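Observations on the three-dimensional arrangement
As a plain string of letters, each chain reads:
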Amino acid sequence: MYICIMKTIFQYFFISLILTLILFSCKEDKIIESETINTKDYLFAENIFNDIHLLIHNAFIGNGENKSCPTYKIINTDSSNTDTIIVNFGDGNPDDCLVYGKERRGKMIMIYSGKYRDSLSIIECTFDNFYINNNRVDGKMVIQNNGRNESGNVTQTIDIIGASINRDGSINWEAKRNREIINGYNTILDPLDDRYIVTGHSSGNTSNGEDFEANITSSLFLETKCIEENVCFITAGEVELVPSGFSSRKINYGDSTCNCNVIMKLNESEYFIVIN
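Residues numbered from 1 in each chain as written. Predicted model: local features only at pLDDT ≥ 70, side-chain atom pairs only at ≥ 80, totals over all residues. Heavy atoms only, no water.

So, about helix H2 (residues 37–62). Given a rise of 1.5 Å per residue, 26 residues ought to cover 38 Å, and the 37 Å separating the end C-alpha atoms of H2 matches this to within 8%. Across the 26 residues that make up H2, a large majority, 23, are buried. (Helix = DSSP H or I, 4+ residues; strand = E, 2+ residues; numbered from the N terminus. Expected span 1.5 Å × (residues − 1). Buried < 20%, exposed > 50% of the residue type's maximum accessible area, 1.4 Å probe, protein only.)

Structure (structure tokens):
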């Protein structure tokens, strides 16, 4: 009799313990799932490198002009091999260089086999003590001009390799993207009328240590004119972001308006996020 009672008590205790652990686990998952830090870090890294892409484009337009900020230095101008452009935003003394509404300092170093719009040209950009709004950027960006596709539009392959952004912790990002130029290719001296269709995927690690993967599920539309309003470049499209070990979330960039507003959908909930 005593043994049976003890056995029953133990069974109730064991079942209660299992139910408590399950409930606690579900509660913890819900807390983690509701966070948006991984989405915010991904969007921030993406916007930083869209910004850098425009600066690279500008370097091949304005490098012959006499500018105080930034300054351009061209070395090894030999058409038979790769050349170099150094874009110097200064050292922040007395002030950072203000370009497109953002404070910048440090250097971007570009090694290139041809100009930005030359077919089959390759541009490799690295960074030397480079900051955007006090966020340090490291790594490499490689842009390859693939020539024209079947639609007659020029396409580019963009690789982000070993990138890190120091922003209240380090955001690490790797990406492979394809851009199709659908407007502005022939207006060489005006980089702010360009429109692109963007596809591809990326992966990385957020400032709180979470790994993630991101895939463009509906082509992104990118408009360089948005920088004139000091807002983000992507005006439409969708990305699926998958943090390691957690549910995927859908990022919707909006309705073709220049802003930094996105909607993240996680399970049945939606979260409004402003990229900053």
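Glancing now at the pattern of salt bridges. The final tally for this structure, using the stated rule, is 10 salt bridges. Asp51 is the salt-bridge partner of Lys102, the closest N and O atoms lying 3.6 Å from each other. Residue Lys102 is located in strand S4 (residues 102–112), and its partner Asp51 is located in helix H2; the two are separated by 51 residues in the primary sequence. Between Arg117 and Asp194 there is a salt bridge, with the nearest N and O atoms lying 3.7 Å from each other. In this pair, Arg117 sits in the loop between S4 and strand S5 (122–132) while Asp194 sits in the loop between strand S8 (170–183) and strand S9 (195–205), placing the two residues 77 residues apart along the sequence. Using a relative accessible area of 12% as the deciding quantity, one classes Arg117 as buried. For Asp194, a relative accessible area of 1% translates into the label buried. When salt bridges with common partners are traced through the structure, they connect Asp51, Lys102 and Arg104 into a single cluster. (Salt bridge = Lys/Arg side-chain N within 4 Å of Asp/Glu carboxyl O.)

Residues at a pLDDT of 70 or more form 84% of the protein, whose mean pLDDT is 87. Counted against residues more than four places away or in other chains, residues 1–10, with its pLDDT under 50, gives 0 contacts. Counted against residues more than four places away or in other chains, residues 17–32, with its pLDDT under 50, gives 3 contacts. (pLDDT = per-residue confidence, 0-100. Contact = heavy atoms within 4.5 Å.)

This model, assessed by the stated rule, comprises 3 disulfides. The disulfide that involves Cys226 links it to Cys258, with 2.0 Å between the sulfurs. What sets the handedness of the Cys226 and Cys258 disulfide is the S-S torsion sign, and at about -70° it is left-handed. With Cys226 in the loop between strand S10 (211–223) and strand S11 (234–243) and Cys258 in the loop between strand S12 (249–252) and strand S13 (261–266), this pair connects stretches of sequence that are 32 residues apart. You can call Cys226 buried: its relative accessible area is 0%. Note on cysteine connectivity: Cys232 is disulfide-linked to Cys260, with sulfurs 2.2 Å apart. Taking the sign of the S-S torsion, about 100° here, the bridge from Cys232 to Cys260 comes out right-handed. Linking Cys232 in the loop between S10 and S11 with Cys260 in the loop between S12 and S13, this pair joins segments that are 28 residues apart in sequence. (Disulfide = S-S within 2.5 Å.)

Structurally, Ile216 can be placed in strand S10. Distance in space between the C-alpha atoms of Ile216 and Leu241 is 8.8 Å, their sequence separation being 25 residues. If near-sequence neighbours (up to four positions away) are discounted, Ile216 is found in contact with Arg177, Val198, Thr199, Gly200, Glu238 and Val239.

Burial along S12 is one-sided: the residues Arg249 and Ile251 are buried and none of Lys250 and Asn252 is. Counting the residues that bridge the hairpin from S11 to S12 gives 5 residues, and of these Gly245 lies at a positive phi of roughly 90°. As paired strands, S12 and S13 are joined by 4 bridges and run antiparallel to one another. Each bridged residue has a counterpart across the sheet, and for Arg249 the counterpart in S13 is Leu266. (Pairing = 2+ DSSP bridges.)

So, about a nonpolar patch on the surface. Nonpolar side chains collect at one region of the surface, where Ile263, Phe272 and Val274 lie side by side and expose about 260 Å² of accessible area between them. Within the secondary structure layout, Ile263 lies in strand S13. (Patch = residues over 30% accessible without salt bridge, like charges linked within 9 Å, V, L, I, M, F, W, Y side chains within 5 Å. Areas by Shrake-Rupley, 256 points an atom, 1.4 Å probe, with all protein chains shown as cover.)

Bringing the packing of aromatic side chains into the picture now. Taken as a whole and assessed by the stated rule, the structure comprises 7 aromatic pairs. Where Tyr42 meets Trp173, the ring centres are 6.3 Å apart and the plane angle is 75°; that geometry is what we call edge-to-face. Taken together, the residues span a long stretch of sequence, with Tyr42 in helix H2 and Trp173 in strand S8 at a distance of 131 residues. Each of the two residues, Tyr42 as well as Trp173, counts as buried. Ring geometry for Phe89 against Phe130: centres 5.6 Å apart, planes inclined by 50°, an arrangement best described as tilted. Here Phe130 lies in strand S5 and Phe89 lies in the loop between strand S2 (83–88) and strand S3 (97–99), a separation of 41 residues in the sequence. Classification of Phe89 as buried rests on a relative accessible area of 4%. Here a set of aromatic residues connected by ring pairs shows up, and it is made of Tyr42, Phe49, Phe89, Phe127, Phe130, Trp173 and Phe212. The ring of Tyr131 is capped by Arg105, whose NZ or CZ atom sits 4.1 Å from the centre of that ring. (Phe/Tyr/Trp six-rings, centres within 6.5 Å; stacked < 30°, edge-to-face > 60°. Lys NZ or Arg CZ within 6 Å of the ring centre and 35° of its normal.)

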